[in-house]
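Listed below, chain by chain, are the residues.
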Amino acid sequence: MNGRRSARTTKILKTPPKPFDWTFTTFYTGSLVNGKSHQLIESETNEEPNQEMLLRRDKILFHTEFVMYEDELADNGSSKLLVKCRVMPTFVLILLRFYLRVDKVMIRVQETRLYCENEWDYFLKEVSLREASFADLSH
(Lines give C-alpha, C1' and ligand atoms only; values in the text may rest on other atoms or scores of the structure.)
Protein backbone atom coordinates (compact mmCIF):
# COMPACT_ATOMS: atom_id res chain seq x y z
CA MET A 1 0.00 0.00 0.00
CA ASN A 2 1.14 3.51 -0.66
CA GLY A 3 -0.52 5.06 2.37
CA ARG A 4 -3.55 6.37 0.49
CA ARG A 5 -6.97 5.64 1.87
CA SER A 6 -10.12 5.38 -0.06
CA ALA A 7 -13.27 6.80 1.46
CA ARG A 8 -16.80 6.10 0.31
CA THR A 9 -19.88 7.94 1.39
CA THR A 10 -22.92 5.73 1.76
CA LYS A 11 -26.33 7.26 2.05
CA ILE A 12 -28.26 5.61 4.88
CA LEU A 13 -32.02 5.57 4.56
CA LYS A 14 -33.72 6.79 7.71
CA THR A 15 -37.09 5.37 6.64
CA PRO A 16 -37.79 2.57 4.19
CA PRO A 17 -39.03 3.55 0.73
CA LYS A 18 -42.81 3.49 0.43
CA PRO A 19 -44.86 1.65 -0.50
CA PHE A 20 -43.19 -1.52 0.78
CA ASP A 21 -45.11 -4.76 0.42
CA TRP A 22 -43.91 -7.11 3.15
CA THR A 23 -46.01 -9.93 1.62
CA PHE A 24 -43.93 -9.98 -1.60
CA THR A 25 -47.14 -9.85 -3.63
CA THR A 26 -46.70 -9.82 -7.39
CA PHE A 27 -49.31 -9.19 -10.03
CA TYR A 28 -47.01 -10.40 -12.82
CA THR A 29 -48.99 -12.66 -15.14
CA GLY A 30 -46.20 -13.90 -17.40
CA SER A 31 -44.80 -12.77 -20.73
CA LEU A 32 -44.88 -14.47 -24.11
CA VAL A 33 -41.95 -13.78 -26.42
CA ASN A 34 -40.80 -15.38 -29.64
CA GLY A 35 -37.29 -16.66 -30.37
CA LYS A 36 -36.11 -13.16 -31.26
CA SER A 37 -37.23 -11.80 -27.87
CA HIS A 38 -40.05 -9.78 -29.37
CA GLN A 39 -43.35 -9.49 -27.56
CA LEU A 40 -46.03 -11.66 -29.14
CA ILE A 41 -49.45 -10.33 -29.98
CA GLU A 42 -52.17 -10.99 -27.41
CA SER A 43 -55.84 -11.01 -28.36
CA GLU A 44 -59.10 -11.83 -26.60
CA THR A 45 -60.71 -15.21 -27.27
CA ASN A 46 -63.51 -17.40 -26.02
CA GLU A 47 -61.49 -20.53 -26.72
CA GLU A 48 -60.68 -22.68 -23.70
CA PRO A 49 -58.24 -25.51 -23.02
CA ASN A 50 -59.51 -28.94 -23.99
CA GLN A 51 -60.67 -30.37 -20.63
CA GLU A 52 -60.80 -33.90 -22.01
CA MET A 53 -57.11 -33.72 -22.96
CA LEU A 54 -56.20 -32.25 -19.56
CA LEU A 55 -57.94 -35.09 -17.72
CA ARG A 56 -56.61 -37.96 -19.86
CA ARG A 57 -53.96 -40.21 -18.34
CA ASP A 58 -51.43 -39.79 -21.15
CA LYS A 59 -47.73 -40.29 -20.57
CA ILE A 60 -45.99 -37.24 -19.11
CA LEU A 61 -42.97 -36.52 -21.32
CA PHE A 62 -41.54 -33.82 -19.06
CA HIS A 63 -42.53 -32.21 -15.79
CA THR A 64 -40.78 -29.66 -13.62
CA GLU A 65 -41.59 -27.36 -10.73
CA PHE A 66 -39.48 -24.36 -9.80
CA VAL A 67 -40.04 -22.23 -6.70
CA MET A 68 -39.14 -18.65 -7.63
CA TYR A 69 -39.33 -17.46 -4.03
CA GLU A 70 -40.91 -18.44 -0.75
CA ASP A 71 -41.14 -16.63 2.59
CA GLU A 72 -42.82 -17.31 5.94
CA LEU A 73 -43.55 -13.59 6.46
CA ALA A 74 -41.86 -13.47 9.87
CA ASP A 75 -44.16 -16.26 11.12
CA ASN A 76 -47.23 -14.29 10.03
CA GLY A 77 -48.18 -16.52 7.10
CA SER A 78 -46.73 -17.67 3.81
CA SER A 79 -45.89 -16.19 0.42
CA LYS A 80 -44.80 -18.32 -2.54
CA LEU A 81 -44.31 -17.88 -6.29
CA LEU A 82 -43.81 -21.02 -8.36
CA VAL A 83 -43.75 -22.19 -11.95
CA LYS A 84 -44.87 -25.65 -13.08
CA CYS A 85 -44.49 -27.07 -16.56
CA ARG A 86 -45.97 -30.28 -17.96
CA VAL A 87 -45.29 -31.56 -21.46
CA MET A 88 -47.64 -34.24 -22.75
CA PRO A 89 -47.73 -35.97 -26.16
CA THR A 90 -50.54 -33.66 -27.32
CA PHE A 91 -50.12 -30.40 -25.37
CA VAL A 92 -47.99 -28.22 -23.10
CA LEU A 93 -49.29 -26.66 -19.87
CA ILE A 94 -47.42 -24.00 -17.87
CA LEU A 95 -48.64 -22.66 -14.54
CA LEU A 96 -47.40 -19.55 -12.73
CA ARG A 97 -48.92 -19.45 -9.23
CA PHE A 98 -48.60 -16.83 -6.51
CA TYR A 99 -49.97 -17.96 -3.13
CA LEU A 100 -50.32 -15.66 -0.12
CA ARG A 101 -51.67 -16.43 3.34
CA VAL A 102 -51.57 -13.81 6.07
CA ASP A 103 -52.56 -15.62 9.26
CA LYS A 104 -56.03 -14.68 10.54
CA VAL A 105 -56.32 -11.98 7.86
CA MET A 106 -56.59 -13.23 4.26
CA ILE A 107 -55.68 -15.69 1.49
CA ARG A 108 -54.87 -14.77 -2.13
CA VAL A 109 -54.10 -17.02 -5.09
CA GLN A 110 -53.20 -15.64 -8.50
CA GLU A 111 -52.67 -18.11 -11.33
CA THR A 112 -51.62 -17.77 -14.95
CA ARG A 113 -52.07 -20.84 -17.12
CA LEU A 114 -50.54 -21.15 -20.58
CA TYR A 115 -51.89 -23.98 -22.72
CA CYS A 116 -50.84 -25.03 -26.22
CA GLU A 117 -51.81 -28.06 -28.27
CA ASN A 118 -49.19 -29.54 -30.61
CA GLU A 119 -50.87 -28.42 -33.85
CA TRP A 120 -51.32 -24.81 -32.68
CA ASP A 121 -49.05 -21.86 -33.38
CA TYR A 122 -50.45 -19.95 -30.38
CA PHE A 123 -50.97 -20.28 -26.61
CA LEU A 124 -54.13 -19.79 -24.60
CA LYS A 125 -53.48 -17.63 -21.55
CA GLU A 126 -55.84 -17.70 -18.61
CA VAL A 127 -55.34 -15.46 -15.57
CA SER A 128 -57.32 -15.83 -12.35
CA LEU A 129 -57.20 -14.02 -9.03
CA ARG A 130 -59.00 -15.38 -5.97
CA GLU A 131 -58.90 -13.63 -2.62
CA ALA A 132 -60.85 -13.98 0.61
CA SER A 133 -60.58 -12.78 4.17
CA PHE A 134 -60.38 -15.30 7.00
CA ALA A 135 -63.69 -13.92 8.25
CA ASP A 136 -65.35 -14.77 4.92
CA LEU A 137 -63.87 -18.28 4.98
CA SER A 138 -64.93 -19.05 8.54
CA HIS A 139 -68.66 -19.13 7.69
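As a reminder, the structure under discussion sits directly above these lines.
A few points on the structure. As the structure is a computational prediction, the values presented were derived from the model and not from experiment.

### Quick word on the sheet that holds strand β5 (residues 124-133)
Ordered in space as β1-β2-β3-β4-β5, the 5 strands form an open sheet in which the pairing is antiparallel. Of all the strands in the sheet, just β1 (62-71) and β5 have a single pairing partner and so form its edges. On average, each strand axis in the sheet is tilted by 10° relative to the strand beside it, whichever way the strands run. For strand β2 (residues 77-87) and strand β3 (residues 91-102), the ladder comprises 11 bridges, and the chain directions are antiparallel. The residue bridging V87 from the neighbouring strand is V92, located in β3.

### Details of the pairing of β2
Pairing geometry for β1 and β2, over 9 bridges, is antiparallel. In the strand pairing of β2, E70 is matched with K80. Connecting β1 to the antiparallel partner β2 that follows it, the hairpin turn spans 5 residues, and L73 within it adopts a positive phi of roughly 55°. Here β2 folds back onto β3, and the loop between the two strands holds 3 residues.

### Some remarks on the packing of aromatic side chains
Across all of its chains, the model carries 4 aromatic pairs by this definition. For the pair F91 and Y115, a centre-to-centre distance of 5.5 Å together with 35° between the ring planes defines the contact as tilted. Taken together, the residues span a long stretch of sequence, with F91 in strand β3 and Y115 in strand β4 (residues 106-117) at a distance of 24 residues. We note that F91, like Y115, is buried. Judged by centre distance (5.6 Å) and plane angle (75°), the rings of Y115 and W120 are edge-to-face. Just as Y115 is buried, W120 falls in that class too.

Criteria and thresholds
- Residues numbered from 1 in each chain as written.
- Predicted model: local features only at pLDDT ≥ 70, side-chain atom pairs only at ≥ 80, totals over all residues.
- Heavy atoms only, no water.
- Pairing = 2+ DSSP bridges.
- Helix = DSSP H or I, 4+ residues; strand = E, 2+ residues; numbered from the N terminus.
- Axes fitted to C-alpha atoms, helices over the stretch in contact; angles between N-to-C directions.
- Phe/Tyr/Trp six-rings, centres within 6.5 Å; stacked < 30°, edge-to-face > 60°.
- Buried < 20%, exposed > 50% of the residue type's maximum accessible area, 1.4 Å probe, protein only.

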